[in-house]
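Listed here are the chains, written in short residue letters.
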Amino acid sequence: MGKRVTIQQIAEKAGVSRGTVDRVLNRRSYVSEEVKARVLSVIAETGYISPKELYRQKKEAAAVPLKLGVLLPNWGDQFREEVENGIRRASRELEEQNVQVLVRRCRTEIPQEAVELLDELAAEQAEGMAVCALNDPAIEARINALEERKIPCVTFNSDLPGSRRLCFVGQEMNKAGRIAGELMSRCVPRGGLVLAAVGNRRFDGHRQRLEGFCSRMEERGFRPEQILTAETFNDYETTCIVVAEMLRDHPELAGIYMANLNVSGCAEAVRAAGRKGEIRVICHDINESIRRLLLEGSVDFTIPQDFEQQGYLPLILLRDYLRRGIPPEAGRAGGGIGILCAENL
């Protein structure tokens, strides 16, 4: 029915009065949560748009064009696929409001490349930017310079906490690392040796996970020398080589914490060493590969996050800030932190 739906039709379908529907639409009190949920369900089902919302949408569609930029790291696989799904979803929604989204992807992890791509987006008149990049002083300085030019930036997935970014969208990485440390401390003997592998410590998210993991393991009685650390740069072959070398040099290894991508590379190295089922493996995120590894027993636990929302939400927040003057919540971090194993997939 779309825009032709009336308040009276909503009221009849929800079994309430027109006044109740009006109170729900205008967020007034004196409506029970059960009735509110029923009315909102009918609104979503029918696609009802209030005259006020319809006016706002028409006004935005006729507004001066707005360009938003996105800077992505050189990561592939699940991160790239799901984040780009979120960007496409936001782009489709924003296109109707005369908002164009420009996307740039780093080919390397050289900070200067990220700086140059930010400059390129600014030169193309991007008025706001969503950024996932190395935690590097040069990049933070460029974010600050953009802010001085009234070009706000929203960081996502991996933060730039030393910059004057507008807000951060993503999981609380330190907390996620601490949860992984709690799980690992209960899975391996107190005197056991553990490998903690990160992609690149120069990404704030990776470093935060590692710090959270190590701090919780220490609180649980594990000495610092019991935790070996390594970088694998989110590369399958590098992950296989690093894990295989650690297993060869430290046959007493009892657990592996994968704070990075390419968990399948870790699982392959453990399997090749004949240690599958002996070594506890804890990782992050969820995709078909990790789902399979959980079911076959190659991974014990994973701590997922919503990559698609991380691609979508920064663009919506920038639209709200630049078009509607609505500032995001300070230090925003998206979503709770859950734990998945083979039994609750």
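Anything mentioned here points back to the structure above.
Reference entry: report on the structure contained in this document. (Residues numbered from 1 in each chain as written. Predicted model: local features only at pLDDT ≥ 70, side-chain atom pairs only at ≥ 80, totals over all residues. Heavy atoms only, no water.)

Some thoughts on the pairing of strand 6 (residues 193-198)
Okay, step 1: Burial of strand 6 is extensive: six of the six residues sit out of reach of the surface.
Okay, step 2: Burial along strand 6 is two-sided: Leu193, Leu195 and Ala197 and Val194, Ala196 and Val198, pointing in opposite directions, are all buried.
Okay, step 3: As paired elements, strand 6 and strand 8 (residues 253-259) share six bridges and run parallel to each other. Note that in strand 8 the partner of Ala197 across the bridge is Met258. (Buried < 20%, exposed > 50% of the residue type's maximum accessible area, 1.4 Å probe, protein only. Helix = DSSP H or I, 4+ residues; strand = E, 2+ residues; numbered from the N terminus. Pairing = 2+ DSSP bridges.)

Observations concerning the sheet that holds strand 10 (residues 301-303)
Okay, step 1: Taken together, the five strands give an open sheet; going across it, the order is 7-6-8-9-10, and neighbouring strands pair in parallel fashion. Because the sheet does not close on itself, it has two edges, and the strands there are strand 7 (227-231) and strand 10. If you compare each strand with its neighbour and ignore which way they point, the axes differ by 15° on average.
Okay, step 2: In terms of strand pairing, strand 8 meets strand 9 (residues 280-284) through three bridges, oriented parallel. Looking across to strand 9, one finds that Gly255 is bridged to Arg280.
Okay, step 3: In this fold helix 9 (residues 204-219) packs onto strand 6, strand 7, strand 8 and strand 9, with an angle of close to 165° to the strand it touches most, strand 6.
Okay, step 4: Those strands touched by helix 11 (residues 263-272) are strand 8 and strand 9, and its axis lies near 165° from that of strand 8. (Axes fitted to C-alpha atoms, helices over the stretch in contact; angles between N-to-C directions. Contact = heavy atoms within 4.5 Å.)

Observations regarding the sheet that holds strand 5 (residues 167-169)
Okay, step 1: The five strands are arranged 2-1-3-4-5 in an open sheet whose pairing can be described as parallel. At either margin of the open sheet sits one strand with a lone partner, and together these are strand 2 (99-105) and strand 5. Taking the axes of each pair of neighbouring strands and ignoring which way they run, one obtains an average angle of 20° across the sheet.
Okay, step 2: Pairing analysis gives four bridges linking strand 1 (residues 66-72) to strand 3 (residues 128-131), with the strands arranged parallel. Residue Val70 lies in a different strand from strand 3, and its bridge partner there is Ala130.
Okay, step 3: Across the sheet, helix 5 (residues 77-95) lies against strand 1, strand 2 and strand 4 (153-156), angled at about 160° from strand 2, the strand it touches most.

Comments concerning the nonpolar core
Okay, step 1: Of all hydrophobic cores here, the largest spans 47 residues; its most connected members are Met129, Val131 and Phe156.
Okay, step 2: Among the elements that make up this core, the one with the highest residue count is helix 13 (residues 307-324) (seven residues).
Okay, step 3: Val243, Ala269, Val270 and Leu294 belong to the second-largest nonpolar core, a separate cluster that totals 26 residues. (Core = buried A, V, L, I, M, F, W, Y, C linked by side-chain atoms within 4.5 Å.)

Structural notes on the environment of Gln9
Okay, step 1: With respect to the helices and strands, Gln9 occurs in helix 1 (residues 7-14).
Okay, step 2: A sequence separation of 33 residues divides Gln9 from Val42, and the C-alpha atoms of the two residues are 9.6 Å apart.

Comments concerning the pattern of salt bridges
Okay, step 1: Tallying each qualifying case throughout the model produces 28 salt bridges.
Okay, step 2: Put simply, Arg142 and Asp119 hold a salt bridge, and the shortest N to O gap is 2.7 Å. Of this pair, Arg142 sits in helix 7 (residues 137-148) while Asp119 sits in helix 6 (residues 111-123), placing them 23 residues apart in sequence.
Okay, step 3: A salt bridge links Glu296 to Arg292; the shortest N-O distance between them is 3.4 Å. Of the two residues, Glu296 and Arg292 are both situated in helix 12 (residues 288-296); the distance of four residues between them amounts to about one turn of the helix.
Okay, step 4: The class for Glu296 is partly exposed, based on a relative accessible area of 35%. (Salt bridge = Lys/Arg side-chain N within 4 Å of Asp/Glu carboxyl O.)

Here's the deal with the side chain of Thr232
Okay, step 1: Residue placement: Thr232 occurs in the loop between strand 7 and helix 10 (236-249).
Okay, step 2: A polar contact is formed between the side chain of Thr232 and the side chain of Thr239, at a distance of 3.5 Å.
Okay, step 3: Leave out the neighbours within four places in its chain, and Thr232 touches Ala197, Val198, Gly199, Thr238, Thr239, Val242 and Asn260. (Polar contact = N/O pair within 3.5 Å; in protein donor to acceptor, adjacent residues only side chain to side chain.)

Describing the packing of helix 5 against helix 13
Okay, step 1: The interhelical angle for the contact between helix 5 and helix 13, taken along N-to-C directions, is 35°, at an axis separation of 6 Å. For helix 5 against helix 13, the interelement crossing comes out right-handed. For the pair formed by helix 5 and helix 13, the contact residues are Gln78, Phe79, Glu82, Val83, Asn85, Gly86, Ile87, Arg89, Ala90, Glu93 and Leu94 on the first element and Phe307, Glu308, Gln309, Gly311, Tyr312, Leu315, Ile316 and Arg319 on the second.
Okay, step 2: Per-class residue counts for the contact of helix 5 with helix 13 are nine nonpolar, five polar and five charged. (Left-handed = near helix turned anticlockwise from the far one by under 90°. Nonpolar A, V, L, I, M, F, W, Y, C, P; charged D, E, K, R; others polar.)

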